Each structure stands twice: as structure tokens, then as C-alpha cells.
Amino acid sequence: MASSSSLLSEDQFLCSICLDVFTEPVTTSCGHNFCMVCITNYWDSKDLYQCPLCKEKFPERPKLSVNTMLREVVENFKTMRHRRKDESPAKAGNVPCDVIEEKHKAVERQAEGLIKDLEQEITELQRRSTDLKQLSQTEDHLQLLQSFPSLVCTPLPTKNWSEISVHSALCVGTVRRAVSHLEEILNKEMEKLPEVKLKRIQQYAVDVTLDPDTAHHKLVVSEDGKQVRRGDIPQNLPDNPKRFNQYWIVLAKDGFSSGRFYYEVTVNGKTRWTLGVARESTDRKRNITLSPERGLWTVILRDGNEYQACTSPPVLLSLRKKPQKVGLFVDYEEGLISFYDVEARSHIYSFTGCTFTEKLFPFFGPSDNDDGQNSAPLIISHVNHTH
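Residues numbered from 1 in each chain as written. Predicted model: local features only at pLDDT ≥ 70, side-chain atom pairs only at ≥ 80, totals over all residues. Heavy atoms only, no water.

The name that an unreviewed UniProt entry assigns to the protein is E3 ubiquitin-protein ligase TRIM39-like, with the source organism given as Oncorhynchus tshawytscha.

Set out below in C-alpha cells:
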């Protein structure tokens, strides 16, 4: 930890509120760090809970805990500052240059050896990851049973890196190269996480069919129950307790009151849509607010490129590309609802920490036709597990 902290500037360890080195640092969901006391006092003085730096708003006051890893780095940084103050130039000047040079070379050799060991561990981890990926796609159950224990249950022979220390002042270049190399590998692996997670949750795919008895009279549901669009002429449909009267909404026939489920919806060609899940008791006869408090967990598209998560207040979403197919995953017991861009294999937004007490139904809102620009239907798609 000491070697990495010496490569960082003092500004990276300063709280943006008190402008001093972090004390009991905490990290918000938007990725910014503050002293526990500073951010607590900041929120105590505000009506809204938001990040002081990026101004991202949180629907409720976040529950924070100390970032132990950052705290350890900060403590090491403080120690390094004290050491530098205590070092005497006179003492350093009495050390012969050839001795310093020899120590420098010895430490560089040590660092290079550690780098090789670390690279070998990374190679082995990557090999095991590839084997696990291939094993997850096999249909040979006997091979699965024979290979699984050795790949998953057998620990890798790794070094205890917590006991390793290198004097960074003598080998800044070597350590910096090592850190840069590791950071590059970690970034590449992190980029794969949403794709790996999406592939795993696609195993919970369910067959979703629209319930025409819930559809607003201006919506047209296909005969197979897989598509819905806004019609030009209101239909003469019998009213019933299940039908939405005020909003252009239709629900799925089947609801879920436990477990996990996943489905995908094609939104290609649309400029406006609403997708999510609704609790069974959602008011279907009067105006409703799209919010979890009203039993609706939704993400919407408006004006062709404005995406929002319908929280209180709404969260504006910044997407790198326009999704053509949206995947929705619900973990009932975990209180989790997640939205994914299926083609980009990327995460859009998640509602977390939810409490469900009744059935949840997939929720579809194709919105108005927008002068013909939004006439394309919402289509419940077949989930391709081998995508």
C-alpha cells in the first residue's frame, strides 16, 4: 500500500468539503469520497440528498459505511508525509552514492521478480476464467461434474501479497510500470463484468405474454400477446377492474411473487416508451405517478434521446448509445430491479433495496404515436441465451 500511495498526489486524499486529508472516508454511489462527519453534516443542512461534487440526487438518504481500503491508503499516505518531514538531508548526504545505487538496483530486481510472480498469478486466473466459461456452455453433465470441483473448489497457489513491501522512493519507475500494467488488466476485466452478469441473469428468462384485459382502450395488442402499439382510433372495449383508464399501459398476464425473472423488449424505432414492473394493487382508474412509492418501478424514453429512471425525484440517465433491446431482471427477495441494454451488454439502471409484498407484473407503455415517428410497437423478444 505504501508504494502505491507514494505515486498519488496529496489532492487525491483531500475531502472536498473540509479541504483536509480524509478522516473515516466514505464513498457515495456516484463514486466520490468524503469524510464521514463532513458528508453527514452536509446532508443534515440540506432538504435534498445529493453529492456536493457532481450534484447527483439520491431518492433517499444513503446509508454510508467507512471505505476501509481508502482509509488504509490515507493512513499510509499520512505516514509517508511524516517520514519525509523527519528525514534529514544531512543524514542522506553521508550515504555514499555507490551504496545508494546498489540498493536501487537490488530493489528494482526485487520489484521485477514480484511483478513476474504477479503476472503468473494473473495468467493462471485468466486461464481458469476461460475454462469456467467453456464449462458453463457444455451440455456434457458428466464433464461438468468431473471438472467443476478442480476449477472452483481448489484454491490457487497464490502468494500472500500483504507481507510484501517495496521502498517506492528507490524504484518509482518499476513500480509505476507494474501498477499501470495491473490497472490496464483490471480495467479490461471490469469492462467484462456487466456482460458476464447479463449472461448469468438471462438464465432466469420467462415467457411473458400481454394481458389485453389490462390494456388501455387506445392500445392495440397483437393476437399472440407479444406486441403492443398505440392505435389511431380508440377501441370499444368492455371496462373491467383490471383495465387502465387514464394511461396507455398494458400489463403481462402473469405476475411474480417470489424468485427471479428476466425478459427482453425490443424498442427499436421508438422515440418514447415506458418499461418496468408494477405491483398488482396499482391504481388503474385514475392518474398515477411513475414512482416506486406508487408501486411502479420504471425507466422511460422521451423526445428520442432523454432517458430517465422514475424515482422521486427522477434520475436523468446518460447512455452511450440508444438501446434497441432492453432487458429487465427482477430478484423479488433481494428487492432488485435492473435494466440492461441487451445489444451493448451494458447496465442501464437498478432500483435497489426495494420491499415487495405483493405480485409484480411486467409493465409496458408504448406512448403516443408522435406524429408517426413513434408508431413502432413494443415487442416482447425471445431471449437468446447464447448471444
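## Some thoughts on helix α2 (residues 36-44)
Within an α-helix, residues lying three or four positions from one another point in the same direction, as the helix has 3.6 residues per turn. Just so we agree on the cut-off: A 1.4 Å probe rolled over the protein chains alone gives each residue an accessible area, and that area as a share of the maximum for its type sets the label: buried under 20%, exposed over 50%, partly exposed in between. By the criteria applied, helices consist of DSSP H or I runs no shorter than four residues and strands consist of E runs no shorter than two, each listed in order from the N terminus. Regarding the arc, it is the one traced by the directions from the helix axis to the C-beta atoms. Only heavy atoms matter for contacts: two residues are in contact if any of them lie within 4.5 Å across the pair.
Where α2 is concerned, the buried positions are Cys38, Ile39, Tyr42 and Trp43. Across the axial projection of α2, the buried residues extend over an arc of 125°, all falling on one side. In this structure, α2 carries Val37 and Asp44 as exposed residues pointing more than 90 degrees from its buried face. Buried-residue contacts for α2 involve β1 (25-27) and β2 (33-35).

## Describing the confidence of the model for the protein
Put simply, the test is: Each residue carries a pLDDT score, the predictor's confidence in it, ranging from 0 to 100.
In this model, the protein carries a mean pLDDT of 80, and residues with pLDDT of at least 70 account for 74%. Put simply, helix α1 (residues 2-5) is where the protein has its lowest mean pLDDT, 40, and strand β6 (residues 260-266) is where it has its highest, 97. Segment residues 1-7 is flagged for pLDDT under 50; beyond a separation of four residues in sequence, or across chains, it makes 22 contacts in the model. Across residues 167-171 the pLDDT falls below 50, and counting only partners more than four positions away or on other chains, this stretch makes ten contacts in the model.

## Regarding the pairing of strand β14 (residues 360-365)
How we decide: Two strands are said to pair when DSSP picks up at least two bridges between them.
Most of β14 sits out of view: six of its six residues are buried. Sheet topology note: the strand β5 (residues 250-251)/β14 ladder contains two bridges and is antiparallel. Across the sheet, Val250 pairs through a bridge with Phe364, a residue of β14. Alignment of strand β7 (residues 273-279) against β14, held across six bridges, turns out to be antiparallel. Pairing of Ala278 across the sheet is with Phe361, part of β14.

## What to know about unusual backbone geometry
Cis geometry marks the peptide bond from Ser312 to Pro313, where omega comes out at 0°. Here Pro313 lies in the loop between β9 (306-309) and β10 (315-317). Of note, the phi angle at Ser367 is positive, near 65°, even though the residue is not glycine. Tracing the chain through its elements places Ser367 in the loop between β14 and β15 (378-381). Ser367 gets classed as buried once you look at its relative accessible area, which sits at 9%.

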